[in-house]
Amino acid sequence: MNFETFNLHPSVMAGVRELGYSVPTPVQLQAIPLIMQGRDVIGLAQTGTGKTAAFVLPILERLRSSPQGGVRALIISPTRELAEQTCEVVNNLGSRTGLHSIAIYGGVSMQQQIRGLRNGAEIVTACPGRLLDHLWKGTISLSELEVLVIDEADRMFDMGFLPDVRNILRCILHKHQTLLFSATMPADIRRLAREILHDPVTVQVDPELPPKTVSHALYPVQQHLKTNLLKEILNRTSMESVLVFTRTKHRAERVAQQLVRAGYRVTSLQGDLPQSRRQAALEGFRNGSIKILVATDIAARGIDVLSISHVINYDMPENTDAYIHRSGRTGRVKKNGDAITFVTSADTDKISALERLLNARLKRLTLQGFDYARPAPDGQSHLSGQPRRHDIERKRLVKRNR
Ligand code: AMP
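So, how was this worked out
- Residues numbered from 1 in each chain as written.
- Predicted model: local features only at pLDDT ≥ 70, side-chain atom pairs only at ≥ 80, totals over all residues.
- Heavy atoms only, no water.
- Helix = DSSP H or I, 4+ residues; strand = E, 2+ residues; numbered from the N terminus.
- Rg over C-alpha atoms; globule rule 2.2 N^0.38 Å.
- Buried < 20%, exposed > 50% of the residue type's maximum accessible area, 1.4 Å probe, protein only.
- Axes fitted to C-alpha atoms, helices over the stretch in contact; angles between N-to-C directions.
- Parallel < 35°, antiparallel > 145°, perpendicular 65-115°, else oblique.
- Left-handed = near helix turned anticlockwise from the far one by under 90°.
- Contact = heavy atoms within 4.5 Å.
- Nonpolar A, V, L, I, M, F, W, Y, C, P; charged D, E, K, R; others polar.
- Domains from an automatic or database assignment.
- Pairing = 2+ DSSP bridges.
- Salt bridge = Lys/Arg side-chain N within 4 Å of Asp/Glu carboxyl O.
- Near = heavy atom within 4 Å.
- Polar contact = N/O pair within 3.5 Å; in protein donor to acceptor, adjacent residues only side chain to side chain.
- Areas by Shrake-Rupley, 256 points an atom, 1.4 Å probe, with all protein chains shown as cover.
- Phe/Tyr/Trp six-rings, centres within 6.5 Å; stacked < 30°, edge-to-face > 60°.

**So, the overall build of the protein chain**
- Helix and strand content of the protein chain: 16 helices and 14 strands.
- Taking 402 residues into account, the globule formula puts the C-alpha radius of gyration at 21 Å, and the protein chain, at 24 Å, falls close to it.
- Over its C-alpha atoms, taken along the principal directions, the protein chain stretches across nearly 70 × 45 × 40 Å.
- Counting across all 402 residues of the protein chain, residues that qualify as buried make up 50%.

Right, here's the structure in full:
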């Protein structure tokens, strides 16, 4: 199956090619034909499944065929980040369609958003609170709306936005197509779906899980002890080849340097490495002359080495999807693999999400004889893993962005 099957207009297909998509993902295969037929759809799919393009492509196809002004597609997103990300997907996939798109969220001036709306944005990606502000001020009209998408509905519910969403729905009085995407289906979302969708079809894709050949373990540890713990685990365990993941490229570099100083054959891979050095690093890792590769998620994309025996998450991955990708690097081709994750007290929510997805409690291990009580060197107390002041501020901002 390829994208040609959907019979998308060449201007839409140009966007698909530019993003390098060749094969539709399962949610795209199921949802795109139904949405193109005009059906209301409930999509049970997580981030990472390609769900955004699953609703964006049919929207582009529909809107480009009868160009006219006004907001014709509205995508409601729980967070500013998701709104921006979705708007970017619309802009990329729709770059040849002549359609315009803007993102609307709180915490920034309304003026630029008003200008974008006046300039004729047909596709709007919006967080509920700010969208209501525009509706109340009369700076946005939904009278031309043809397609409404409620994205990540369960997250919207978790963040307390369902009353806002209901208020928005009250402003759309005419018939339109409604698409609701959610990773899970709590009772309130089910009720909402029953109320607002017309004869919906449900498409469901199971979340991708790591191969059964991978065993998972968490090592609770304070941030400042992670490198020592890593060295100790490398010393004590027989490992064929090890992929270590860090959250930032600076940290990847620093950890690699610390391991080199401790006498390991190690290299690091970051996104901005020249191609020749990236190639050399990968070749060394592939042929076994380098045993340890330290990388970020982005830099590790496309690494195809079959014999990785251990993945070590020096930093807990941002989300379950990243965890699945990282741990899927080991345990390939019927070999067994180990995924080891260092966790601090700041990772509790992420651990719960991961355990929910894997439907299992992961084992917590401590390394016998390791000095877990060693204090942080001066000036590094902020690395304790506890949220810092600006992290708390950031969380507050998310609330305000609604
Ligand atoms: P999403 O679930 O919409 O957040 O998409 C997850 C990631 O998959 C994004 O980086 C998309 O660009 C990418 N993606 C979506 N559809 C495809 C496809 N058919 N082929 C390859 N990558 C895709």
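**Topic: the packing of helix α14 (residues 320-327) against helix α15 (residues 348-358)**
- Viewed as axis vectors pointing N to C, α14 and α15 meet at an angle of 65°, and their least axial separation amounts to 9 Å. One element, α14, and the other, α15, form an angle in the roughly perpendicular class. Seen along the crossing, α14 lies across α15 with a hand that is right-handed. On α15, the residues touching Thr320, Tyr323 and Ile324 of α14 are Ala353, Leu354 and Leu357.
- For the contact of α14 with α15, a count of residues per class yields five nonpolar, one polar and no charged.

**Looking at the domain arrangement of the protein chain**
- For the protein chain, the assigned domains are domain 1 (3-205) and domain 2 (214-364).
- A C-alpha centroid distance of 35 Å is found between domain 1 and domain 2.

**Some words on the sheet that holds strand β6 (residues 177-182)**
- Strands sit in the order β3-β4-β2-β5-β6-β1-β7 across an open sheet of seven strands; the sheet is parallel. Across the chains shown, the open sheet's two edge strands, defined by having one partner strand only, are β3 (101-104) and β7 (201-204). With direction set aside, neighbouring strand axes in the sheet form an average angle of 15°.
- Where strand β1 (residues 41-44) and β6 come together, four bridges link them in parallel fashion. Across the sheet, Gly43 pairs through a bridge with Phe181, a residue of β6.

**Some words on the pattern of salt bridges**
- Summed over the entire model, instances satisfying the criterion amount to 19 salt bridges.
- Close ionic contact of Glu146 with Arg62 constitutes a salt bridge, the shortest N to O distance being 3.1 Å. Remark: Arg62 occurs in helix α3 (residues 51-64) and Glu146 occurs in the loop between α6 (128-137) and β5 (147-150); sequence separation between them is 84 residues.
- With a closest N to O distance of 2.5 Å, Glu355 and Arg364 form a salt bridge.
- You can call Glu355 buried: its relative accessible area is 15%.
- Judged by its relative accessible area of 32%, Arg364 falls in the partly exposed class.

**Focus on the pairing of strand β8 (residues 214-220)**
- Of all seven residues making up β8, five are buried, and the element is well covered by its neighbours.
- Two strands pair when backbone bridges link them, and β8 and strand β13 (residues 337-343) are joined in this way by seven bridges, in the parallel orientation. The partner of Pro220 across the bridge, within β13, is Val343.
- Sheet topology note: the β8/strand β14 (residues 363-364) ladder contains two bridges and is parallel. From the neighbouring strand, Leu218 faces β14, where its bridge partner is Arg364.

**A short note on the site of the ligand**
- Close to the ligand lie Phe3, Tyr21, Val23, Pro24, Thr25, Gln28, Thr47, Gly48, Thr49, Gly50, Lys51 and Thr52, which account for all nearby residues.
- One nitrogen or oxygen atom from the main chain of Thr49 is found 3.0 Å from an oxygen atom belonging to the ligand.
- Here the ligand loses 65% of its free accessible area of 500 Å² to cover by the protein chains.

**Observations regarding the packing of aromatic side chains**
- Taken as a whole and assessed by the stated rule, the structure comprises six aromatic pairs.
- With a centroid separation of 5.2 Å and an interplanar angle of 50°, the aromatic rings of Phe55 and Phe181 are classed as tilted. On the criterion of sequence distance, the pair formed by Phe55 in helix α3 and Phe181 in strand β6 is long-range, its members being 126 residues apart.
- Looking at Phe55, the relative accessible area reads 0%, which means it is buried.
- According to the relative accessible area criterion, Phe181 is buried, its value standing at 0%.
- Relative to Phe342, the ring of Tyr314 lies with its centre 6.2 Å away and its plane at 50°, an arrangement referred to as tilted.

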